[in-house]
Amino acid sequence: MLCIQLKSKDPFYCLAAEEYLLKNFTDDIFLLWQSTNTVVVGKHQNAMAEINHRYVYNNNICISRRISGGGTVYHDEGNLNFGYILNVSGPSEISFPRFMKPVIEALGRLNVKAETSGRNDLLVDGKKVSGNAEHIYKNRVLHHGTLLFNSNLETLGNSIKVTPGKYFDKAVQSKRSTVANLFPGLKGINTLDEFGSFLLDFHLEMPGSSVYELTEDDILTIEKLAEEKFSTWDWNFGYSPKYVFKNESIINGKQLQVELQVEKGVIQKAELQGNYFSGKQAAILQDALIGERHFYADIRQNLKQFYIETTDDLVFAFF
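The sections below set out a description of the structure shown in this document. Every value quoted in this text rests on a predicted model; they were computed, and no experiment measured them. (Residues numbered from 1 in each chain as written. Predicted model: local features only at pLDDT ≥ 70, side-chain atom pairs only at ≥ 80, totals over all residues. Heavy atoms only, no water.)

## Some points on the overall build of the protein
In step 1: For the protein, the count of helices and strands is 10 helices and 15 strands.
In step 2: Relative to the globule expectation of 20 Å for 319 residues, the C-alpha radius of gyration of the protein, 22 Å, shows essentially globular dimensions.
In step 3: Projected onto its principal axes, the C-alpha coordinates of the protein cover approximately 70 × 40 × 35 Å.
In step 4: Put simply, the protein has 319 residues, and 52% of those count as buried.
In step 5: By sequence separation, contacts in the protein at least 24 residues apart represent 70% of the contacts at least 6 residues apart.
In step 6: If you sum the accessible surface of the protein, you get close to 14,900 Å²; carbon and sulfur atoms cover 48% of it. (Helix = DSSP H or I, 4+ residues; strand = E, 2+ residues; numbered from the N terminus. Rg over C-alpha atoms; globule rule 2.2 N^0.38 Å. Buried < 20%, exposed > 50% of the residue type's maximum accessible area, 1.4 Å probe, protein only. Contact = heavy atoms within 4.5 Å. Areas by Shrake-Rupley, 256 points an atom, 1.4 Å probe, with all protein chains shown as cover.)

Below you can see the structure in the form of structure tokens.
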């Protein structure tokens, strides 16, 4: 097994590295990485429906999409991500408990009793410390997960705290859980770097395991994949399934009702009601929104063109 610890904390690079190692290597791999503040949605989710728009934009939190299914998770520099990329001979070798077993054993050495849940999570004292997901490519499977070491749980909660009833679609919906950090219960580990080194050493004890350093060609290919796919709006937002967005807001004592029909992240139909805009303003803005991305910068630019008092409250009424 090749044991790899990524040096970059760029979430797009790290997600690209997972796909690259899955599709271009034949060795079994254990992977560790961190990223800066990022909300990571599952492949089949509607990214717009999974985030607290005002909070993530005001706090410069990145939005990214991974290649595996499942629900939304939050990464920061207090979280450590792990991954197994293994060759399998058939479906019987693919199971969440199988891939989480080594992590449970490693945590056990640190005096932490972790257990699997029915929702592909790892729990400690009934609280989620790790969310997991999988992706299959030919005869290889990527199983990856988070490990909340000392994450900012307040930021985590606020980033994915959404108001229900705004987005209507057939996307996979996240199920929120009570989360906790591992650090308070770990024995003999004081920093996340120490935690990462411990997990790496634990896997290097396994027969046939060795450290692998990415080559210059590996890095260049990963960077290209990150630039052309994982950092793009088309992947992170445009890949979302079609949806209808509905919202009602009271802004400065005036009512605004917004309904948008969106496909591949682009507004196909817009309807504005209430007394916030005049009838003429609403008609002009409705037409202007068609063909635009349902995205903060695009909505704000349209509002600035047609309505001079473009406040945050007005922009976020569209999300």
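## Here's the deal with helix α3 (residues 96-109)
In step 1: In this model, α3 (14 residues) spans 21 Å end to end at C-alpha, consistent with the 20 Å of a helix rising 1.5 Å per residue.
In step 2: Along α3, the sharpest kink reaches roughly 30°, centred on Pro102.
In step 3: Buried within α3 we find Phe96, Phe99, Met100, Pro102, Val103, Ala106 and Leu107.
In step 4: On its buried side, α3 packs onto β6 (79-87), β7 (115-116), β8 (121-124), β9 (127-137), β10 (140-148) and α5 (192-204).
In step 5: Capping of α3 at its N-terminal end is provided by Ser95; its side-chain oxygen lies 3.3 Å from the backbone amide nitrogen of Arg98. (Expected span 1.5 Å × (residues − 1). Bend = angle between axes of the 7 residues up to and from the residue. Polar contact = N/O pair within 3.5 Å; in protein donor to acceptor, adjacent residues only side chain to side chain.)

## Examining helix α9 (residues 296-306)
In step 1: Buried within α9 are the following residues: Tyr296, Asp298, Ile299, Asn302 and Leu303.
In step 2: Buried positions along α9 lie against α2 (53-58), β15 (266-274), α8 (279-289) and α10 (312-316).

## Some thoughts on the sheet that holds strand β14 (residues 254-263)
In step 1: With respect to topology, four strands assemble into an open sheet ordered β11-β13-β14-β15, the strand pairing being antiparallel. Edge positions in the sheet fall to β11 (167-169) and β15, since each has one partner strand and no second. Within the sheet, the average angular offset between the axes of one strand and its neighbour, ignoring direction, is 15°.
In step 2: Taken together, the nine bridges between strand β13 (residues 243-251) and β14 define a ladder with antiparallel strand orientation. Note that in β14 the partner of Asn247 across the bridge is Val258. (Pairing = 2+ DSSP bridges. Axes fitted to C-alpha atoms, helices over the stretch in contact; angles between N-to-C directions.)

## Brief notes about the side chain of His75
In step 1: When you line up the elements, His75 lands in strand β5 (residues 73-75).
In step 2: Separated by 3.1 Å, the side chains of His75 and Asn81 make a polar contact.
In step 3: In this view, His75 contacts Trp33, Ser35, Thr36, Asn37, Thr38, Val40, Asn81 and Thr146; residues no more than four positions away in its chain are not counted.

## Some details on the environment of Lys187
In step 1: For Lys187, the location among the structural elements is in the loop between β11 and α5.
In step 2: Between the C-alpha atoms of Lys187 and Leu110, which are 77 residues apart in sequence, the distance is 4.9 Å.
In step 3: With sequence-adjacent residues up to four places away left out, Lys187 is seen in contact with Leu110 and Asn111.

## Brief notes about the state of the cysteines
In step 1: All chains considered together, the criterion is met by zero disulfides.
In step 2: Counting only cysteine sulfurs, Cys62 is the nearest neighbor of Cys14, a cysteine outside any disulfide, at a range of 11 Å. (Disulfide = S-S within 2.5 Å.)

## Digging into the sheet that holds strand β2 (residues 29-33)
In step 1: Spatially, eight strands are ordered β7-β8-β9-β10-β6-β2-β1-β12 in an open sheet, and the strand pairing comes out mixed. With partners counted over all chains shown, the strands left at the sheet margins are β7 and β12 (210-211), one partner each.
In step 2: Looking at chain direction, strand β1 (residues 2-5) and β2 are connected through four bridges and run parallel. Counterpart to Leu2 in the pairing with β2 is Ile29.
In step 3: Contacts from α3 reach β6, β7, β8, β9 and β10 within the one sheet, and its direction differs from that of β6 by about 130°.

## Remarks on the environment of Leu156
In step 1: Following the sequence through the fold, Leu156 ends up in helix α4 (residues 153-159).
In step 2: Exposure remark for Leu156: the relative accessible area of 9% places this residue in the buried category.
In step 3: In this structure, Leu156 is in contact with Tyr74, Leu148 and Val179, ignoring residues within four places of it in sequence.

## Quick notes on the pattern of salt bridges
In step 1: Per the stated rule, a full pass over the model turns up 11 salt bridges.
In step 2: With a shortest N-O distance of 3.3 Å, Glu50 and Arg176 are connected by a salt bridge. Of this pair, Glu50 sits in the loop between β3 (38-41) and α2 while Arg176 sits in the loop between β11 and α5, placing them 126 residues apart in sequence.
In step 3: Overall, the relative accessible area of 38% leaves Arg176 in the partly exposed class.
In step 4: Overlapping salt bridges bring together Glu19, Lys23 and Lys229 as one network. (Salt bridge = Lys/Arg side-chain N within 4 Å of Asp/Glu carboxyl O.)

Read these as layout, nothing more, since geometry by itself doesn't imply function.
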